Amino acid sequence: MTALLEVEDLRVAYGKIEAVKGISFSVEAGEVVTLIGTNGAGKTTTLRTLSGLLKPVGGQIKFEGKSLRKTPAHKIVSLGLAHSPEGRHIFPRMTIEENLLLGAFLRKDTAGINKDVQRAYDLFPILGERRKQAAGTLSGGEQQMLAMGRALMSQPKLLMLDEPSMGLSPIMMQKIMATIAELKAQGTTILLVEQNAQAALALADHGHVMEIGKVVLSGSGRDLLHDESVRKAYLGED
Ligand SMILES: Nc1ncnc2c1ncn2[C@@H]1O[C@H](COP(=O)(O)OP(=O)(O)O)[C@@H](O)[C@H]1O
Ligand SMILES: [Mg+2]
């Protein structure tokens, strides 16, 4: 079986500086795969490259067996790859509903779009309650919910989440993680980048530890959660 996403020897550079130095991993349909690692490891660069926002200098990206190397970003969205970016990037002056609809910009099936807006409100009731409010009035955690809801509006085959728990209170972080678990239970395939290694590994089928542009350790979520070096480096144990 071919994986939904296959990344092989991917290299990405900013000018002369190589930020991603030949990484390989894959994501099977229905899985949650997580990339963990400290600041500057290259996680965001990897996701931005998969989205077509950055062009690799080497390696292969295959989505459903087809190369994405020359595919423009908007086409990548229409192929079924959605990205909830680090820092959320919602549009603060637009309403919550308008922000959600932006995620469906390539779709023309009005009935289906409305159904998915409703689905986002079912997943995140607070967004439904405030749908006519400016998105800038939401708290950080609620804005994260909106960013995830917006990414889901393209009906992705693969949902990429870049640090969804960043800057959130422990309670809000738990809510976001519970939602990711719920999406997984519904069959959504997710590539999750997290600073909270414990929470990410607890729900991931597979994990990859990145350090300065390389994958240094891979395994099942459970194995990595119990790996001594991971516990020391990322789970604050000594
Ligand atoms: N726009 C940019 N221009 C130059 N270097 C960058 C840029 N964005 C990130 N980098 C560098 O690339 C490396 C990887 O960054 P990043 O992908 O953001 O890591 P992570 O998401 O794991 O924290 C870091 O050394 C960072 O300083
Ligand atoms: Mg990052």
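The coordinates are above.
Residues numbered from 1 in each chain as written. Chains lettered and ligands numbered in written order. Predicted model: local features only at pLDDT ≥ 70, side-chain atom pairs only at ≥ 80, totals over all residues. Heavy atoms only, no water.

Trainee: Help me understand the nonpolar core in this model?
Mentor: Across soluble globular proteins, nonpolar side chains have a tendency to be buried as a group. Counting 45 residues, the largest nonpolar core has Leu127, Leu146, Leu159, Ile180 and Ile190 as its most contacted members. Broken down by element, the residue count for this core peaks at 6 residues, all from helix 6 (residues 140–152). Apart from the residues within four sequence positions on either side, Leu146 is in contact with Ile90, Ile96, Asn99, Leu100, Leu127, Ala135 and Leu138. Of all hydrophobic cores here, the second largest spans 25 residues; its members include Leu10, Ile23, Leu50 and Leu158. (Core = buried A, V, L, I, M, F, W, Y, C linked by side-chain atoms within 4.5 Å. Buried < 20%, exposed > 50% of the residue type's maximum accessible area, 1.4 Å probe, protein only. Helix = DSSP H or I, 4+ residues; strand = E, 2+ residues; numbered from the N terminus. Contact = heavy atoms within 4.5 Å.)

Trainee: Whenever I open this one, the environment of Ile171 confuses me. Can you help?
Mentor: Residue position: Ile171 is located in helix 7 (residues 170–185). Once the C-alpha coordinates of Ile171 and Leu79 are considered, the two residues, 92 residues apart in sequence, prove to be 35 Å apart.

Trainee: I'm lost on the site of ligand 1 in this one. Help?
Mentor: Surrounding ligand 1, one finds Tyr14, Ala19, Thr38, Asn39, Gly40, Ala41, Gly42, Lys43, Thr44 and Thr45. Protein coverage of the free-state accessible area of ligand 1, which is 570 Å², stands at 58%. Looking at the shell around ligand 1, the element that brings in the most residues is helix 1 (residues 43–50), giving 3 residues. (Near = heavy atom within 4 Å. Areas by Shrake-Rupley, 256 points an atom, 1.4 Å probe, with all protein chains shown as cover.)

Trainee: Got a minute to help me understand the side chain of Glu142 in this structure?
Mentor: By secondary structure assignment, the location of Glu142 is in helix 6. On the basis of relative accessibility, which here comes to 12%, the residue Glu142 falls in the buried class. Of the polar contacts made by the side chain of Glu142, one reaches the side chain of Arg130; its length is 3.2 Å. Side-chain polar atoms of Glu142 contact the backbone nitrogen of Ser139, separated by 2.9 Å. (Polar contact = N/O pair within 3.5 Å; in protein donor to acceptor, adjacent residues only side chain to side chain.)

Remember, this is a structural readout, not a statement about activity or role.
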